[in-house]
Amino acid sequence: MPEPPPPARFATARFTAGGVARGAVLAWPLLLSTGAGGLAMGAACRQAGMSLPLATLFSAGVYSGTAQALALQLWSAVPPLLAILLAAGAVNLRYLVMGARLATLYPGLPWRRMLPGLAIYGDATWLIAAGEAERGRPDAGILFGASAVTVVGWVGGTIIGFGAAFSLAGAWAAAAAFIPLGFIVAYIPDQWRGRGTALPWAASAAVALLALPFLAAHWAMLAGGAAGTAVAVLRDDG
């Protein structure tokens, strides 16, 4: 009697053009939210005295709204590069945890196939790719395709916002801030895998909330993510 096929979640990790296309389709709403954020970033870069080429390179090279906002706060005629690098690194330490999770979702996939997506992914596109992998589609092309959409929105929005001296204020600012959060919240049900999911989520939330009075928000988020990942790994090993 032939053996049954392996569970879908053990599908072979790969990088395909079809995955790139699927990721782009899944992430197209993020084009609007990242574009709106890019408009504000472009206007802020102009106000900081940057040139358009520098602002474009800034958004394309750093590609992190939080890190860029911190850098602009420290910007001056002679920018304190070390302080900017340290601040940007601190607010993005969560990617260590997220990257470790991706390594478990794409086992055996060569680095050269992972690097395109790793270079440009963000919170929402990580969530898309992780959800697809958990459902039996461990295609790193999804991570890259979804992330490429957000890069286009962010950099394109920066260019337009700089040229038009555009700024978001009032209701527009609130809407732009809510869109990516709303997208992530809407995607959470797809990550639910039954009661076994509750313990890592609860551990992550509890540690983050307990750390928040003592640590900056990004450090508390990192601590919560690390705790949830550790619980999930220990649970799976057990």
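Residues numbered from 1 in each chain as written. Predicted model: local features only at pLDDT ≥ 70, side-chain atom pairs only at ≥ 80, totals over all residues. Heavy atoms only, no water.

(A) A look at the packing of aromatic side chains. Taken as a whole and assessed by the stated rule, the structure comprises two aromatic pairs. Aromatic side chains phenylalanine 15 and phenylalanine 144 sit 6.2 Å apart centroid to centroid with 45 degrees between the ring planes, which places their arrangement in the tilted category. Pair noted here: phenylalanine 15 is in the segment before helix H1 (17-47) and phenylalanine 144 is in helix H8 (residues 140-164), with a separation of 129 residues, a long-range link. We note arginine 46 situated over the ring of phenylalanine 162; from NZ or CZ to the ring centre the distance is 5.8 Å. (Phe/Tyr/Trp six-rings, centres within 6.5 Å; stacked < 30°, edge-to-face > 60°. Helix = DSSP H or I, 4+ residues; strand = E, 2+ residues; numbered from the N terminus. Lys NZ or Arg CZ within 6 Å of the ring centre and 35° of its normal.)

(B) Region of the structure containing the packing of helix H7 (residues 123-134) against H8. Running from amino to carboxyl end, H7 crosses H8 at an angle of 160 degrees, the nearest separation of the two axes being 9 Å. Considered as vectors, H7 and H8 are oriented roughly antiparallel to each other. Pair H7 / H8 crosses with right-handed handedness. Within the contact between the two elements, H7 uses Thr125, Trp126, Ile128, Ala129 and Glu132 and H8 uses Ile142, Leu143, Ala146, Ser147 and Thr150. Classifying every residue of the contact of H7 with H8 by side-chain character gives six nonpolar, three polar and one charged. (Axes fitted to C-alpha atoms, helices over the stretch in contact; angles between N-to-C directions. Parallel < 35°, antiparallel > 145°, perpendicular 65-115°, else oblique. Left-handed = near helix turned anticlockwise from the far one by under 90°. Contact = heavy atoms within 4.5 Å. Nonpolar A, V, L, I, M, F, W, Y, C, P; charged D, E, K, R; others polar.)

(C) Just the environment of leucine 39, in detail. You can see leucine 39 is positioned in helix H1. Along the primary structure leucine 39 and glycine 156 are separated by 117 residues, whereas in three dimensions their C-alpha atoms are 8.2 Å apart.

(D) The side chain of glutamine 68, seen in detail. Mapped onto the fold, glutamine 68 is located in helix H3 (residues 65-74). Accessibility expressed as a relative area gives 0% for glutamine 68, which makes it buried. In terms of polar contacts, glutamine 68 uses its side chain to reach the side chain of serine 59, at 3.1 Å. The residues contacting glutamine 68, other than those within four sequence positions of it, are Met41, Phe58, Ser59, Val62, Tyr63 and Trp154. (Buried < 20%, exposed > 50% of the residue type's maximum accessible area, 1.4 Å probe, protein only. Polar contact = N/O pair within 3.5 Å; in protein donor to acceptor, adjacent residues only side chain to side chain.)

(E) Quick look at the nonpolar core. In terms of nonpolar packing, the biggest core is built from 15 residues, with Leu102, Tyr106 and Leu143 touching the most fellow members. Where this core is concerned, the elements lending two or more residues are helix H5 (94-105), H7 and H8. Ranked by the residues each element gives to this core, the list is headed by H7, at five residues. Not counting residues within four places of it along the chain, the set of residues in contact with leucine 143 comprises Leu102, Tyr106, Met114, Gly117, Leu118, Tyr121, Thr125, Trp126 and Ala129. Residues Met41, Phe58, Leu72 and Trp154 belong to the second largest nonpolar core, which totals 11 residues. (Core = buried A, V, L, I, M, F, W, Y, C linked by side-chain atoms within 4.5 Å.)

(F) The packing of H1 against H8, seen in detail. Closest axis-to-axis distance for the H1/H8 pair is 5 Å, and the angle between their directions is 25 degrees. Of the possible angle classes, the one that applies to H1 and H8 is roughly parallel. The handedness of the crossing between H1 and H8 is right-handed. A class-by-class count of the residues in the contact of H1 with H8 yields 18 nonpolar, 15 polar and two charged.

(G) Summary view of the side chain of aspartate 139. Tracing the backbone through its elements, the reader meets aspartate 139 in the loop between H7 and H8. Buried and without a salt bridge, aspartate 139 has arginine 14 as its closest oppositely charged side chain, separated by 4.2 Å. Looking at aspartate 139, its side chain comes within polar contact range of the side chain of threonine 16, at 2.3 Å. In this structure the side chain of aspartate 139 is engaged in a polar contact, spanning 2.8 Å, whose partner is the backbone nitrogen of glycine 141. (Lys, Arg positive; Asp, Glu negative; His and termini not counted. Salt bridge = Lys/Arg side-chain N within 4 Å of Asp/Glu carboxyl O.)

(H) Molecular detail of a nonpolar patch on the surface. Together, Val25, Trp28 and Leu32 give the surface a local cluster of nonpolar side chains, amounting to about 360 Å² of exposed area. Mapped onto the elements, valine 25 comes out in helix H1. The class for valine 25 is exposed, based on a relative accessible area of 57%. (Patch = residues over 30% accessible without salt bridge, like charges linked within 9 Å, V, L, I, M, F, W, Y side chains within 5 Å. Areas by Shrake-Rupley, 256 points an atom, 1.4 Å probe, with all protein chains shown as cover.)

(I) Region of interest: the pattern of salt bridges. Scanning the model with the defined rule gives four salt bridges in all. In this structure, the salt-bridge partner of arginine 22 is glutamate 132, at a minimum N-O distance of 2.6 Å. Of this pair, arginine 22 sits in helix H1 while glutamate 132 sits in helix H7, and the two are 110 residues apart along the sequence. The class of arginine 22 is partly exposed, set by a relative accessible area of 34%. Glutamate 132 sits in the buried class, given a relative accessible area of 1%. Linked by salt bridges that have partners in common, Arg22, Glu132, Arg135 and Arg137 make up one network.

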